[in-house]
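Summary of the model geometry
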Amino acid sequence: MPDFAEGVPCWVDCALPDAAAGRRFYAALFGWTFREPPGAGESYAYVGPHPVAGLYRKPDGRLPTAWTVHFATPDAARLTDRAVAAGGTGISGPQAVGELGVRALVADPDGAVFGLWQPGTDKGFRELTAPGSYAWSEVRTRDSAAVDPFYEHVFRYVGYDVPGTSGERLWSPEEAGPGVDTAVLGRAVLEAGEVPDELPAHVLVQFRVGDCGKAVEAARGLGGRLRRGPRETAYGDFAELEDDQGAVFGVVAE
């Protein structure tokens, strides 16, 4: 698998109160196995021989229990500065993770958090097609007027507004041109009355599954909760779930 271009999702990880319990939940749900690379500070989840995600224990109980998508960049410091200048907020880093790479966390103007990853020896995902691997991420916001120009400036994305949807936009790398086939990130608007007012802006990370309904039932049986769906979409059957510690994620069966 080639290295990821700047602005393309290259990794996801989850901060949990109990990382060991998280490994049990996701191993049973997705069939993941786990290893702990030296210096990583988190357990890497594998589909077969390939790393697909990370899990780690929250260092501070006040931090959110959440999945985070990381975007590739050759220079995390430069891109963090660019994001802050565009109205974002630097949360942590950039900080070297041994020889693996450099990590930073940033919030967009509406508060949705994402990561930046400057690869060293760790290039990110090595599997993107098998069940249990990363499928997609969607920025969910109430303020698209502020958020859209932010992402399009920081990552030099070009946008495509999906016909027949209520405010869904797809973002593609500038050199690829806009459209469904080139998109690397989505954006949806949190509509008043459809979601709780207290739900903050966030990025929903989604994983591939063979059967959406079976994944929902499996998650429920493991102590998770169904938040939305299952429902048919243009991209496959989709459901939004919450694990047994409160981290929200999606599953999609193409």
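Residues numbered from 1 in each chain as written. Predicted model: local features only at pLDDT ≥ 70, side-chain atom pairs only at ≥ 80, totals over all residues. Heavy atoms only, no water.

This part is about helix H4 (residues 212–221). Every buried residue belonging to H4 is among Cys 212, Ala 215, Val 216 and Ala 219, and all of these are buried. Buried residues in H4, looked at end-on, bunch into an arc of 100 degrees, giving them a common side. Exposed and oriented more than 90 degrees from the buried face of H4 are Lys 214 and Gly 221. Buried residues along H4 sit in contact with helix H1 (19–30), strand S14 (225–233), strand S15 (236–242) and strand S16 (248–253). Structurally, the start of H4 carries an N-cap: the backbone nitrogen of Gly 213 is 3.0 Å from a side-chain oxygen of Asp 211. The positive-phi residue at the C-terminal boundary of H4 is Gly 223, with phi of around 100 degrees. (Buried < 20%, exposed > 50% of the residue type's maximum accessible area, 1.4 Å probe, protein only. Helix = DSSP H or I, 4+ residues; strand = E, 2+ residues; numbered from the N terminus. Arc of directions from axis to C-beta. Contact = heavy atoms within 4.5 Å. Polar contact = N/O pair within 3.5 Å; in protein donor to acceptor, adjacent residues only side chain to side chain.)

Sheet architecture is open: eight strands sit in the order S10-S11-S12-S9-S13-S16-S15-S14, paired in mixed fashion. This sheet does not close on itself; its edge strands, each paired only once, are strand S10 (157–161) and S14. Between one strand axis and the next, the sheet turns through 25 degrees on average, direction left out of account. Sheet topology places S10 next to strand S11 (residues 169–173); five bridges connect them, and they run antiparallel. Among the inter-strand pairings, Tyr 157 is bridged to a residue of S11, identified as Pro 173. Across the face of the sheet, helix H3 (residues 144–154) comes into contact with strand S9 (134–141), S10, S11 and strand S12 (185–189) while running at roughly 15 degrees to S11. Against the sheet, H4 contacts S14, S15 and S16, and its axis sits at roughly 10 degrees relative to S15. (Pairing = 2+ DSSP bridges. Axes fitted to C-alpha atoms, helices over the stretch in contact; angles between N-to-C directions.)

All told, the structure shown has 14 salt bridges when counted by the stated rule. Arg 227 is the salt-bridge partner of Glu 242, the closest N and O atoms lying 3.2 Å from each other. Of this pair, Glu 242 sits in strand S15 while Arg 227 is found in strand S14, placing the two residues 15 residues apart along the sequence. Given a relative accessible area of 16%, Glu 242 falls into the buried group. (Salt bridge = Lys/Arg side-chain N within 4 Å of Asp/Glu carboxyl O.)

So far we have only geometry, and geometry alone does not tell us how the molecule works.
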